[in-house]
Amino acid sequence: MVGGVDHDAVLRQIAADSGWTGRYAFLIVVSAAISLLGLLMPSVAVLIGAMLLSPLMMPIIGLGFGIATFDTHEIRRALTALVAGSAIAVVLSVVFVSLSPIQTITGEIAGRTRPTLFDLLVALLSAVAGAYALIRGRGGTVVGVAIAIALMPPLAVVGFGIATMNWTIFSGASLLFLTNAITIALTAALVARVHGFGSHLSPQHTGWQVALFVGGLGLLSVPLGTALRQIAFEAAAQRQVRDAIRDHFAGASRLGQLDIDYAARPMRIRAMVLTPRIDPRADRVLNAALVDRLGRPVDLHVDQLRATSDEGGVEAVQIAQAGAAKADDDGRRRRAVADLALLAGIDEAAVRVDPQDRRLTATSATLPGVDARGYRALEQRAARALPGWTVALAPPSDVGLPSIGLVEGVIDVTALATAAWAGARTGRAIVVDGGTAAQRAAVATGIGDQGATAVTGSARGPLSLAWAPPEERRTTGG
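Definitions and limits used
Residues numbered from 1 in each chain as written. Predicted model: local features only at pLDDT ≥ 70, side-chain atom pairs only at ≥ 80, totals over all residues. Heavy atoms only, no water. Pairing = 2+ DSSP bridges. Helix = DSSP H or I, 4+ residues; strand = E, 2+ residues; numbered from the N terminus. Axes fitted to C-alpha atoms, helices over the stretch in contact; angles between N-to-C directions. Contact = heavy atoms within 4.5 Å. Buried < 20%, exposed > 50% of the residue type's maximum accessible area, 1.4 Å probe, protein only. Parallel < 35°, antiparallel > 145°, perpendicular 65-115°, else oblique. Left-handed = near helix turned anticlockwise from the far one by under 90°. Nonpolar A, V, L, I, M, F, W, Y, C, P; charged D, E, K, R; others polar. Phe/Tyr/Trp six-rings, centres within 6.5 Å; stacked < 30°, edge-to-face > 60°. Salt bridge = Lys/Arg side-chain N within 4 Å of Asp/Glu carboxyl O. Core = buried A, V, L, I, M, F, W, Y, C linked by side-chain atoms within 4.5 Å.

Another point: the sheet that holds strand β11 (residues 464-467). Whenever strands of a sheet pair, they do so through backbone hydrogen bonds, lying parallel or antiparallel. Read from one edge to the other, the open sheet built from three strands follows the order β10-β9-β11, with strand pairing classed as mixed. A strand with exactly one partner marks an edge of an open sheet, and here the two such strands are β10 (453-456) and β11. Each strand axis lies, on average, 30° off the axis of its neighbour in the sheet, ignoring direction. Against the sheet, helix α16 (residues 413-426) contacts β9 (429-433) and β11, and its axis sits at roughly 10° relative to β11.

In structure tokens, the structure reads:
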């Protein structure tokens, strides 16, 4: 492997590209800005454009070759360029996010906050390819390696976490960047030694290099392996919970909403089931079954929503679909009204009918144990059961709003949409309390964008939603 390698030429190229220069600083600024735009839009194509610039790659590889040859001067040069470039990228991201009207946690941002052992393996294999390509004079391959590893987007996410004071995002993105940078540097050092760089070093020096490589990757493997194990558990746990609930509520029952808080102790599970028969023992039986399946304590509660007619025992969907299939329009309208009244638990006279627009409007009766998610699912079920009709089923005015807390730093968009639906249907304003000012503003704006009225409230406690007093005047989005 040593044969055919021009060691002096490779070291000269690395020395020329791994230090601080005006071109390097310019590329840092441009790459950071493009990365942040790609994260906020979000756009994978824009992010790839930032990865192609890859200004941080050469200082990291230079650091690795400095370690391989024990060149302290090169180590200082490359490390200075890497630290300064990273600091500039983070500071620019903080400034841009602070000035940006959009501070939503997109999928691209969230995807860079939970690094696992797989990310370390990607960085290791990519670094092998990049160092080999550089040594063998195939510099074009380094571009593909830069796309695979993606150094700048995690730094932009670090800046986003600082600007929004979201330390979950900050810590996750920081770990991802450190994983990539350390793995690239150490792997580049290993590949360089294999190709004859640092051949003048003593066996003791080689031993220190091997120990640094094994120790560095070993330390990184601990949190990354833990994260991978947690993600695997969450995927398996969600499947086990769904299977247990579906097995218990067999037949015509349907599982609606399912929310699992894996960080809670005991693990918190909330579900809604549309079922023809209410089972008062369901929570106790399912809790015991899931403790056996998952091997950890759980706190489970299932909101059971009756979805059939007590008189006929026929599922409401089948009744509505049969009624809508009648040829006579008046008969279809009467059947639609009857079915909606049945689902909402109200008299047929309480259903308002607009035959011209084929629209049914009603306010549901209070159903014990049903929150906004349940009433929204009831409206959606009625809409599916009444083809050709628009259904607007408002929940009762005292309906409970869903929890809007953060899950791994990401706002639950389903809960946000449900709260906006409840506010729009009831005509009541919603107050967003707790969290940071940016989080409260983002939630209020999200609710307002979906047709409801929301304002920001106090900063005490975690994020939460509450109905505004009816006498207070509110404005959309706070």
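Before going further, it helps to examine unusual backbone geometry. In this structure, proline 42 follows methionine 41 across a cis peptide bond, with omega equal to -20°. By the element assignment, proline 42 lies in the loop between α2 (22-40) and α3 (44-53). Residue proline 266 is reached from arginine 265 by a cis peptide bond, and omega for that bond is 0°. When you line up the elements, proline 266 lands in the loop between β1 (254-261) and β2 (267-275). Its identity is not glycine, yet phenylalanine 70 carries a phi of approximately 55°, on the positive side. For phenylalanine 70, the position within the fold is in the loop between α4 (57-69) and α5 (72-99). On the accessibility criterion, phenylalanine 70 (39% relative accessible area) is partly exposed. Phi angles above zero are rare outside glycine, and methionine 165 is one such case at about 55°. Tracing the backbone shows methionine 165 in the loop between α9 (152-163) and α10 (167-194).

On to the packing of helix α1 (residues 7-17) against α4, then. Orientation of α1 relative to α4, taken along the N-to-C sense of each, is 135°, at an axis distance of 9 Å. As the angle between them shows, α1 and α4 are arranged oblique. Crossing of α1 over α4 shows left-handed handedness. Note on element contacts: α4 touches α1 through Met58, Pro59, Gly62 and Phe65, opposite Val10, Leu11, Ile14 and Asp17. Residues that form the contact of α1 with α4 fall into these classes: six nonpolar, one polar and one charged.

With that out of the way, let us pick up the packing of aromatic side chains. Per the counting criterion, the structure on display carries three aromatic pairs. Geometrically, the ring pair formed by tryptophan 20 and tyrosine 24 is edge-to-face, given 5.6 Å between the ring centres and 75° between the ring planes. The exposure class assigned to tryptophan 20 is partly exposed, which follows from its relative accessible area of 45%. Judged by relative accessible area, tyrosine 24 falls into the buried class, the value being 4%. Ring plane angle 80° and centroid distance 5.2 Å describe the contact between phenylalanine 65 and phenylalanine 197, whose orientation is recorded as edge-to-face. Taken together, the residues phenylalanine 65 in helix α4 and phenylalanine 197 in the loop between α10 and α11 (203-248) connect sequence positions 132 residues apart.

Pairs may arise between side chains of opposite charge once their charged atoms sit close together. Overall, the coordinates contain seven salt bridges when judged by the stated rule. We note a salt bridge from arginine 114 to glutamate 234, for which the minimum N-O separation is 3.3 Å. Of this pair, arginine 114 sits in the loop between α6 (107-110) and α7 (117-135) while glutamate 234 sits in helix α11, placing them 120 residues apart in sequence. A relative accessible area of 13% means that glutamate 234 is categorised as buried. A salt bridge links arginine 373 to aspartate 259; the nearest nitrogen and oxygen atoms lie 3.3 Å apart. Remark: aspartate 259 occurs in strand β1 and arginine 373 occurs in helix α15 (residues 372-385); sequence separation between them is 114 residues. Arginine 373 gets classed as buried once you look at its relative accessible area, which sits at 8%. Accessibility expressed as a relative area gives 23% for aspartate 259, which makes it partly exposed.

Here we come to the nonpolar core. Counting residues in each nonpolar core, the largest one holds 54 residues, and the members touching the most others are Leu56, Phe65 and Ile109. Here the element with the most residues in this core is α10; it accounts for 11 residues. Beyond its immediate chain neighbours, meaning those up to four positions away, phenylalanine 65 contacts Val10, Leu11, Ile14, Ile135, Ala188, Ala192 and Phe197. Membership of the second largest hydrophobic core comes to 40 residues, among which are Leu274, Trp421, Ala422 and Ile430.

Any functional reading would require information beyond the geometric quantities listed.
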